[in-house]
Amino acid sequence: MGNLFEKLKNLFSTQKLEVCMVGLENVGKTTMLNQLSMGDPSFTVPTVGLNVRTVKKGGVTMKIWDIGGQVQYRPEWGNYAQGCDALIFLVDTSNQATLGTSKKELHNLLDNKSLRNIPILIIGNKIDVNPHLNEKQLIEGLNLDYITSNGWAVAMCSALTGNNITQVVDWLITKSKKQ
Ligand code: G3D
C-alpha cells in the first residue's frame, strides 16, 4: 500500500530545478539560454544584468538564472547560486586568453562555503570555432581536479549551433527534484 501511494505521489508530483548560469561576458550564456528554451513557450523576465527563464525539459520545470558576466556582476554570482540546485559555468573554448580569468572567477565562487555541495556543469562553449580548447585542456586550464567537494561534469558544446546541447539537458534532468 505504502509502495502504491509512493508511486501515485511520484506520478502526480512535478520535478523542478533551479539553475544558476554564470561565466565571463560574451562566453555565450544568453545564447545558451535561448538554445535551451528553443521551441518552449518559455517565460522570461528581462532585467539589467540578469535574465530569468522558465523552461520545461523531459518533464522537469527548470528555472534558469543567467547572471551578467561583467566585472561588476561577478561578486553577485554567489548570492544567486546559493539558492539554486545546480550551477552552470560557461567558458569560451575559442578564446584561450580568457581561460585564466575564468579559472580565477570559478575558484573565487567556489570559495563560498555555502556552495560546497552544489553540483556544477562546466560548459566548454563555442566548439564550432576553430581552434578551440579540448576537454582535457579545459579541465587542466580551470584546475577542475582541485574541486573536490562539488560534483562536477564537463560538456563541450556550441550554444550557437545546438551541437551537444542534449548533454546539457540530460545533466540538468538528473539534478531535478521531486516537489
Ligand atoms: P553572454 O550572454 O555570455 O555575454 P552571448 O554571451 O550569448 O551574448 O554571446 C556572445 C557572442 O558569442 C554572440 O555573438 C553570440 O552569437 C556568440 N556565441 C555564443 N555562443 C556561441 C557558440 O557556441 N559559437 C559561436 N561561434 N558563437 C557563439 P555576437 O556576434 O552577437 O556578439
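Quick look at the structure, then. Predicted model, so just to flag it, every value in this text is computed and none were measured.

## Thoughts on the environment of Ile127
Note on placement: Ile127 falls in the loop between strand E6 (120-125) and helix H5 (135-141). Placed 36 residues apart in sequence, Ile127 and Asn163 show a C-alpha to C-alpha distance of 8.5 Å.

## Some thoughts on the state of the cysteines
Within this structure, the stated rule accounts for 0 disulfides. Left without a disulfide partner, Cys20 is nearest to the cysteine sulfur of Cys84, which lies 4.9 Å away. Classification of Cys84 as buried rests on a relative accessible area of 10%.

## Overview of helix H2 (residues 29-36)
Where H2 is concerned, the buried positions are Lys29, Met32, Leu33, Gln35 and Leu36. Here the buried residues of H2 occupy an arc of 160° about the axis, which is enough to place them on one side. Where H2 is buried, its residues touch strand E1 (15-23), strand E3 (50-57), strand E4 (60-67), strand E5 (86-92), E6 and helix H6 (165-174).

## A look at the site of the ligand
Close to the ligand lie 15 residues, the nearest being Asn26, Lys29, Thr30, Thr31 and Asp128. Considering the ligand on its own, with 650 Å² of exposed area, one finds that the protein chains cover 64% of that surface. Per element, the largest residue contribution to the shell around the ligand is 3 residues, and it comes from H2. Its residues assigned to classes, the shell around the ligand shows 5 nonpolar, 6 polar and 4 charged.

## What about the side chain of Gln35?
Tracing the chain through its elements places Gln35 in helix H2. There is a polar contact of 2.8 Å between the side chain of Gln35 and the backbone oxygen of Ala159. Those residues within four positions of Gln35 in sequence are excluded, and the remaining contacts are Ala159, Leu160, Thr161, Gly162 and Ile165.

## Things to note about the packing of aromatic side chains
Within this structure, the stated rule accounts for 2 aromatic pairs. With 6.1 Å between their ring centres and 80° between their planes, Trp77 and Phe89 make a pair best called edge-to-face. Note that Trp77 is positioned in helix H3 (residues 77-82) and Phe89 in strand E5, a separation of 12 residues in sequence. For Trp77, a relative accessible area of 1% gives the class buried. What makes Phe89 buried here is its relative accessible area of 0%.

## A closer look at the environment of Leu121
Within the secondary structure, Leu121 is located in strand E6. Each C-alpha atom of the pair Leu121 and Ile88 lies 4.8 Å from the other, and the pair is 33 residues apart in sequence. Setting aside chain neighbours within four positions, we find Leu121 in contact with Leu87, Ile88, Phe89, Ala153, Val154, Ala155, Val168 and Trp171.

The rules behind the values
- Residues numbered from 1 in each chain as written.
- Predicted model: local features only at pLDDT ≥ 70, side-chain atom pairs only at ≥ 80, totals over all residues.
- Heavy atoms only, no water.
- Helix = DSSP H or I, 4+ residues; strand = E, 2+ residues; numbered from the N terminus.
- Disulfide = S-S within 2.5 Å.
- Buried < 20%, exposed > 50% of the residue type's maximum accessible area, 1.4 Å probe, protein only.
- Arc of directions from axis to C-beta.
- Contact = heavy atoms within 4.5 Å.
- Near = heavy atom within 4 Å.
- Areas by Shrake-Rupley, 256 points an atom, 1.4 Å probe, with all protein chains shown as cover.
- Nonpolar A, V, L, I, M, F, W, Y, C, P; charged D, E, K, R; others polar.
- Polar contact = N/O pair within 3.5 Å; in protein donor to acceptor, adjacent residues only side chain to side chain.
- Phe/Tyr/Trp six-rings, centres within 6.5 Å; stacked < 30°, edge-to-face > 60°.

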